[in-house]
Amino acid sequence: MPAKFQITSLAEKMLPARLAAQLRPFLLRAEGLFSGDDEQAQAKRSSLIAFAIRIAGAALALLSQVVLARLMGSFEFGIYVLVWTVTLILGDLACFGFHTTIIRYVPQYLQKHQTDDARGILRTGPVFALISASIITLIAILVLNSLSTEFEPYYWPAFLIGVLCIPAIALGNISDGTARSQGWILSALSPGYVLRPLMMLLIFVLLLLTGWEAQATTALIAAFSGTSLTVIGQQIFLRNRISRVLPKGASHYHLREWIRVSLPIFLIEGFFFLLINIDVLMVGRMMEPDSVALYFAVTKVLALAHFVYFAVKSSVAQRYSQLLHSGDTQAFQDFARNSARWTFWPTLLLGLLLLAGGWPLLALFGHEFTQGYPLLFILIFGVIARASVGPCESLLSMSGNQNICALLYALALVVNVSLNLTLIPLLGLSGAAIATVCAMATEAATLSYAVRKYLGITMFVFCPSAKASG
């Protein structure tokens with residue numbers, strides 16, 4: 001018997017008849033979500049899985065950052081935050097967009113039964129990432145050595161350890177893209193958002209128990225070890241799972257085409273990662289590590305609302321590609337509009353809850369971190385603005401409009417940097433928050449306009465739908 005009838009009948013047996021009748025429409029909707037085979041149901045399930053992983057990951061990340069801040073103090077924690085942020089940016093960029101190209105091409109190849117091409121791009125990904133990331137690591141070390149007199153001496157050993165993590169982070173991104181190309185959201189997100197921070201925290205505590213000092217360099221050694229172990233395990237797991245989907249066979253390589261598509265995506269993701277982290281970097285450049293730690297703690301609390309956006313984005317990119325190449329234009333447009341609604345309303349709810357509970361959450365880091373509570377009331381507007389248009393950049397990238405997407409992110413980044421340079425000297429951390437909100441609003445407005453212009457799809461949740469283009 002289908003699961004949905006079992007659940008409904010169980011409710012009717014256990015609940016009073018009147019209550020069961022009132023709940024029946026909601027139960028049927030939930031049953032459709034968990035047992036449906038259509039694109040909407042599958043995407044919602046993927047979004048729920050991604051959402052659950054991001055909840056667990058955000059909670060674990062918050063716990064990890066609280067422990068680090070408490071054990072290291074705001075000064076050492078600020079050093080760690082700045083170095084690890086730079087490392088993550090470089091590691092994410094080291095793939096040059098190839099991990100997203102995998103998400104775009106693998107569903108297309110499998111849809112057209114081009115298994116040799118699918119094997120080719122999946123085999124190319126890890127090799128490409130390791131080579132490019134190793135080159136970036138060497139360049140970073142040379143740059144650090146040449147600029148060692150330009151920053152405070154306590155940053156030098158921390159940055160040296162941090163850049164060694166770049167290859168592992170890049171390979172992890174390739175693994176993420178490989179899993180997402182198959183719709184394996186649990187395999188894609190749980191290593192990076194759950195296992196990696198857990199391993200980092202456990203190794204850090206173990207190092208302290210064996211006599212190491214609670215310093216930024218110790219935390220970065222733990223980050224290097226935890227990231228490496230997680231990525232190795234994920235690679236082994238995915239290779240075994242992929243072999244069951246794509247048995248051994250010939251591989252066709254279209255490296256020139258893949259790189260040509262990857263480079264605009266690289267620009268998009270590069271501008272995006274800089275956009276979401278530039279405020280922390282600018283604060284680190286213009287203020288002391290204590291201020292970096294304070295601002296970072298606020299952004300970590302706010303990330304509890306922001307992960308809805310990333311959860312939906314992680315689950316829909318592969319569906320965008322599938323629907324686009326299926327030829328069903330109406331289904332593609334309906335799905336895109338729905339993804340904006342799935343993003344906005346949960347983000348709004350979580351944002352309001354965070355404003356109510358932000359003070360005690362910041363107090364977990366230490367009493368001095370509660371000074372950042374007013375910043376939440378500024379930054380939340382940027383999070384809501386981005387959520388109101390859903391994952392527009394994924395829609396543009398999967399539909400071949402990655403060039404305009406990169407240009408719009410560059411515009412938002414220019415707005416962000418310009419306002420940070422102007423407002424931080426005048427308003428301090430509040431200036432950084434205002435600059436970030438303005439940049440995120442610019443990003444949301446321009447991306448939404450581009451999607452409407454090039455695809456005829458209205459992503460802004462409060463606007464009526466546009467008619468299909470063409």
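The rules we used
Residues numbered from 1 in each chain as written. Predicted model: local features only at pLDDT ≥ 70, side-chain atom pairs only at ≥ 80, totals over all residues. Heavy atoms only, no water. pLDDT = per-residue confidence, 0-100. Helix = DSSP H or I, 4+ residues; strand = E, 2+ residues; numbered from the N terminus. Contact = heavy atoms within 4.5 Å. Patch = residues over 30% accessible without salt bridge, like charges linked within 9 Å, V, L, I, M, F, W, Y side chains within 5 Å. Areas by Shrake-Rupley, 256 points an atom, 1.4 Å probe, with all protein chains shown as cover. Salt bridge = Lys/Arg side-chain N within 4 Å of Asp/Glu carboxyl O. Lys, Arg positive; Asp, Glu negative; His and termini not counted. Charge placed at Lys NZ, Arg CZ, Asp CG, Glu CD. Buried < 20%, exposed > 50% of the residue type's maximum accessible area, 1.4 Å probe, protein only. Phe/Tyr/Trp six-rings, centres within 6.5 Å; stacked < 30°, edge-to-face > 60°. Core = buried A, V, L, I, M, F, W, Y, C linked by side-chain atoms within 4.5 Å.

**Thoughts on the confidence of the model for the protein**
Parts of the prediction with low pLDDT should not have their coordinates interpreted in detail.
Alright, step 1. With 87% of its residues at a pLDDT of 70 or more, the protein has an overall mean of 84.
Alright, step 2. When mean pLDDT is taken per element in the protein, helix H13 (residues 373-387) scores highest with 94 and helix H1 (residues 3-14) scores lowest with 52.
Alright, step 3. Overall, residues 1-5 carries pLDDT values under 50, and its contacts beyond four positions in sequence, including any with other chains, amount to three contacts.
Alright, step 4. Confidence drops under a pLDDT of 50 for residues 466-470, and excluding neighbours within four residues, the segment shows 11 contacts in the predicted structure.

**Thoughts on a negative patch on the surface**
Alright, step 1. Taken together, the side chains of Glu 152, Glu 288, Asp 290 and Glu 368 define an acidic patch exposed on the protein surface.
Alright, step 2. Classification of Asp 290 as partly exposed rests on a relative accessible area of 35%.

**A closer look at the packing of aromatic side chains**
Alright, step 1. Here the structure, examined in full by the defined rule, presents 18 aromatic pairs.
Alright, step 2. A centroid spacing of 6.1 Å and a plane angle of 70 degrees characterise the contact between Phe 77 and Phe 296, whose relative ring orientation is edge-to-face. Note that Phe 77 is positioned in helix H3 (residues 39-93) and Phe 296 in helix H11 (residues 289-326), a separation of 219 residues in sequence.
Alright, step 3. Exposure remark for Phe 77: the relative accessible area of 0% places this residue in the buried category.
Alright, step 4. Relative to Trp 345, the ring of Phe 344 lies with its centre 4.8 Å away and its plane at 80 degrees, an arrangement referred to as edge-to-face.
Alright, step 5. Taking relative accessible area as the criterion, Phe 344 reaches 4% and is therefore assigned buried.

**A word on the nonpolar core**
Alright, step 1. Ranked by internal contacts, the top residues of the largest apolar core, which has 133 residues, are Phe 77, Tyr 80, Ile 121, Tyr 295, Tyr 320, Leu 395 and Met 459.
Alright, step 2. The element best represented in this core is H11, accounting for 19 residues.
Alright, step 3. Not counting residues within four places of it along the chain, the set of residues in contact with Tyr 295 comprises Asp 279, Val 280, Val 283, Leu 375, Leu 379, Leu 429, Ala 432, Ala 433 and Thr 436.

**Regarding a nonpolar patch on the surface**
Alright, step 1. A surface patch of nonpolar side chains, about 510 Å² in accessible area, is lined by Val 127, Ile 131, Ile 135, Ile 139, Val 143 and Leu 147.
Alright, step 2. For Leu 147, the location among the structural elements is in the loop between helix H5 (115-146) and helix H6 (156-163).
Alright, step 3. Leu 147 sits in the partly exposed class, given a relative accessible area of 40%.

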